[in-house]
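Architecture and fold: a report
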Amino acid sequence: MEQFTDEELVERCQAAEGSAAREPFLDALFQRHSARVASWCYHITGDVNSAADLAQEIFVKAFMGIHGFRRGSKFTTWLYSISRNHCLDELRSRKRRMEEYSELPDDIQDWGLESADSAIERYESGELMKKLIRESLDETETKVMTLHYVHEMPLDSVSRMLGLTNDSGAKAYIVSARRKLKRAHELWKSHHKPTKAGTQC
Amino acid sequence: MLNNRATESELFQNAFGPGVDCPTLEELESLASRGNSQPHFAEHVKSCAYCQTELHLLKSFEAAGSGEMSREEIKAAALLQKRSHEILPPQDSDEAREPWWKAWFSMRGMAQASFALAVLLAVAGVGLYYRTTIQSPSLNGSSQAGPEVLRSAAFAVISPSGDVNQTPSEVRWEKVPNAANYQVHLLEVDRNELWKAETKEDHIVLPPAVRSRIVPAKTLLLEIDAYDSSGSKVGETGLVRFRLLQNRDGH
């Protein structure tokens, strides 16, 4: 099997759909990628058993849907998209199960959004925030904020995923990013006429 | 008005989340592997928090499991290996065994004889074909020909596509000849599937729960595959982007 690329192995699986002839090809794919998926899942969960559980579910999902793999795609990218979606879904459902998940306060802070009631105002506030992010945050702060706020990853997962070795891990970067954004926002406000905040970016 | 205010979390989700111009995962992967061959994406990724993070996650996945692994990672991988039989069912020994005809053909003498016989049959077949075509002119018309074999062809989504002013109530596409069934997928830009449905028609109504997830300024992707009655794919739209525009009155 070593002579085949991942994509060739998938093609052979697809050709043998529904028969036992596909098993050796699936096995070869599993042997090639099991350590990758297990290791990546460990970075997400931080627990050996749940990493193995997630990885197992990912492979079952991938092999059940292997007929859907499209020619021209890269197998690792396809496997990544399954792993990513499965792990993030799991994190979100854990978060819903755990009431105490509030590592950071979700305050209604003064971002000048008191009047941002309409969708258009909220959209424009978001655009201003994007500008401030580009101008104020470094790469690690940006990634930490995205993983935590968009992907709803707990802080310990973020720390492992980004290999953060400082004492308080991702939390320190979030505190620093929020402080920088707040400062940048104050500066922006002082340079703009405060008619309707967030509408002049 | 407290409920209408944007909380800090919502604000960050919007600002750090995916935008209209964010490439798909495949495009991002192609950028990572081919570098500057796609300058417009490269430029976008440089200034997009979401894409930078996505690229990091993708690269971390590709690098995972190779090189030095922690003790815990090795344990997780070993545990997964132990469960491989739960993922890969054991092979059926009867099916896995080499079929008799394959063993027959693998015998050297038989293989040569079979090849000679195949050549003989091919020559006879060609001769017979020429004889019958010279003797009787071929009939015109489709009744003689079998069903047309279609390769998986591209077809277009009629609506929604691009920027739209109103939340779409349905998805409509070009009819594909020979298609008996269509599979419709609605995805987020990160390829997370929001909704999937099947229909025999060339359109489908979006349920209210799905419509509620089509929010202003958020790019979504549609992908429709057409299948014939035997279940073979006869057409595909590829990924089609659409986005609900902001309504100036804020609704």
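In this text the structure is predicted, and so the values were computed from the model without any measurement. (Residues numbered from 1 in each chain as written. Chains lettered and ligands numbered in written order. Predicted model: local features only at pLDDT ≥ 70, side-chain atom pairs only at ≥ 80, totals over all residues. Heavy atoms only, no water.)

Points about the pairing of strand β8 (residues 219-227) of chain B
Residue and element names in this part refer to chain B. Condition: Think of it in three bands: with a 1.4 Å probe and only protein chains considered, a residue is buried below 20% of the maximum accessible area for its type, exposed above 50%, and partly exposed in between. Runs of H or I in DSSP of at least four residues are treated as helices and runs of E of at least two as strands, each being numbered from the N terminus. A pair of strands is treated as paired once DSSP finds two or more bridges between them.
For β8, the tally of buried residues reaches nine of nine residues, placing the bulk of the element in the interior. Burial of β8 is two-sided: the residues Thr-219, Leu-221, Glu-223, Asp-225 and Tyr-227 facing one way and the residues Leu-220, Leu-222, Ile-224 and Ala-226 facing the other way are all buried. Judged from the eight bridges that link them, strand β5 (residues 181-188) and β8 form a sheet pairing that is antiparallel. Counted as the bridge partner of Val-184 is Ile-224 from β8. Direction of pairing for β8 relative to strand β10 (residues 240-244): antiparallel, over a ladder of four bridges. Residue pairing in the sheet places Thr-219 in a bridge with Arg-243 of β10.

Points about the confidence of the model for chain A
Using the following cut-off: Along the chain, pLDDT gives the predictor's confidence residue by residue, from 0 to 100. In this description, contact between two residues means that some pair of their heavy atoms is separated by no more than 4.5 Å.
Per-residue pLDDT for chain A has a mean of 83; in total, 81% of the residues score no lower than 70. Scored below 50 in pLDDT, residues 197-201 of chain A makes 15 contacts in the model with residues more than four places away or belonging to other chains.

Quick notes on the nonpolar core
For soluble globular proteins, the rule of thumb is that nonpolar side chains tend to be buried together. Put simply, the rule is: Buried Ala, Val, Leu, Ile, Met, Phe, Trp, Tyr and Cys residues that are joined via side-chain atoms within 4.5 Å together make up what is termed a nonpolar core.
Ranked by size, the top nonpolar core spans 81 residues in total, and within it Trp-40, Phe-63, Met-145 and Leu-181 of chain A together with Phe-16 of chain B carry the most contacts. Sorting elements by how many residues they give to this core places helix α2 (residues 23-45) of chain A first, with eleven residues. Counting 24 residues, the second largest nonpolar core, distinct from the first, contains Val-210, Leu-220, Val-234 and Phe-242 of chain B.

Describing the packing of aromatic side chains
Note the threshold: Pairing of aromatic rings covers Phe, Tyr and Trp, the last through its six-membered ring, and needs centres within 6.5 Å; plane angles under 30 degrees mean stacked, over 60 mean edge-to-face, and all others mean tilted. Two conditions define a charge sitting above a ring: the NZ of Lys or the CZ of Arg must be within 6 Å of the ring centre, and it must be within 35 degrees of the ring normal.
Evaluated as defined, the whole model comprises twelve aromatic pairs over all chains. With centroids separated by 5.8 Å and ring planes inclined at 80°, the aromatic side chains of Trp-40 of chain A and Tyr-80 of chain A adopt a geometry described as edge-to-face. Here Trp-40 of chain A, found in helix α2, pairs with Tyr-80 of chain A, found in helix α4 (residues 75-97); they are 40 residues apart in sequence, far enough to count as distant. For the residue pair Trp-40 of chain A and Tyr-80 of chain A, the accessibility class agrees, reading buried in each case. Arranged with centres 5.6 Å apart and planes meeting at 85°, the rings of Trp-40 of chain A and Phe-61 of chain B form a pair that is edge-to-face. Linking Trp-40 of chain A in helix α2 with Phe-61 of chain B in helix α4 (residues 49-63), this pair reaches from one chain into another. The residues Trp-40 of chain A and Phe-61 of chain B share a single accessibility class, namely buried. Grouped by ring-pair contacts, the aromatic residues Phe-30, Phe-59 and Phe-63 of chain A constitute a single cluster. Geometry around Phe-61 of chain B places Arg-36 of chain A over its ring, the cationic atom sitting 5.9 Å from the centre.

Some points on helix α1 (residues 8-16) of chain B
Selection criterion: Picture the helix axis, draw a direction to every C-beta atom, and the arc is the one those directions span.
Those residues of α1 of chain B lying buried are Glu-8, Ser-9, Leu-11, Phe-12, Ala-15 and Phe-16 of chain B. All buried residues of α1 of chain B lie within an arc of 160° about the axis, which places them on one face of the element.

Here we look at the confidence of the model for chain B
Residue and element names in this part refer to chain B. Averaged over chain B, the pLDDT score is 75; the fraction of residues at 70 or greater is 71%. Across residues 103-107, confidence stays below pLDDT 50; counting only partners more than four residues off in sequence or on other chains, it has four contacts. In the model, residues 133-151 has pLDDT below 50 throughout and makes five contacts with residues more than four positions away in sequence or in other chains. What the predictor reports for the complex is a pTM of 0.61 with an ipTM of 0.84.

As for the sheet that holds strand β4 (residues 170-173) of chain B
Residues and elements named next belong to chain B. What counts, and what does not: The convention used is that axes are lines fitted to C-alpha atoms, helices contributing only their stretch in contact, and that angles between N-to-C directions extend from 0 to 180 degrees.
In spatial order, the strands read β2-β4-β7; together these three strands make up an open sheet with antiparallel pairing. Both edges of this open sheet fall to β2 (157-159) and β7 (203-205), since each of them pairs with a single strand only. Geometrically, the sheet is characterised by an average inter-axis angle of 20° between neighbouring strands, direction not taken into account. The pairing of β4 with β7 spans three bridges and is classified as antiparallel. Note that in β7 the partner of Glu-170 across the bridge is Val-205.

A few points about a nonpolar patch on the surface
Heads up, the condition is: Patch criteria: residues need more than 30% relative accessible area and no salt bridge. Like-charged residues are merged within 9 Å; nonpolar side chains of Val, Leu, Ile, Met, Phe, Trp and Tyr are merged within 5 Å. Computed by Shrake-Rupley with a 1.4 Å probe, the accessible areas treat only the displayed protein chains as cover when residues are assessed. Think of a salt bridge as a Lys or Arg side-chain nitrogen and an Asp or Glu carboxyl oxygen that are within 4 Å of each other.
Side chains of Leu-117, Leu-120 and Leu-121 of chain B sit close together on the surface and give an oily, nonpolar patch of about 340 Å² of accessible area. With respect to the secondary-structure elements, Leu-117 of chain B resides in helix α9 (residues 108-135).

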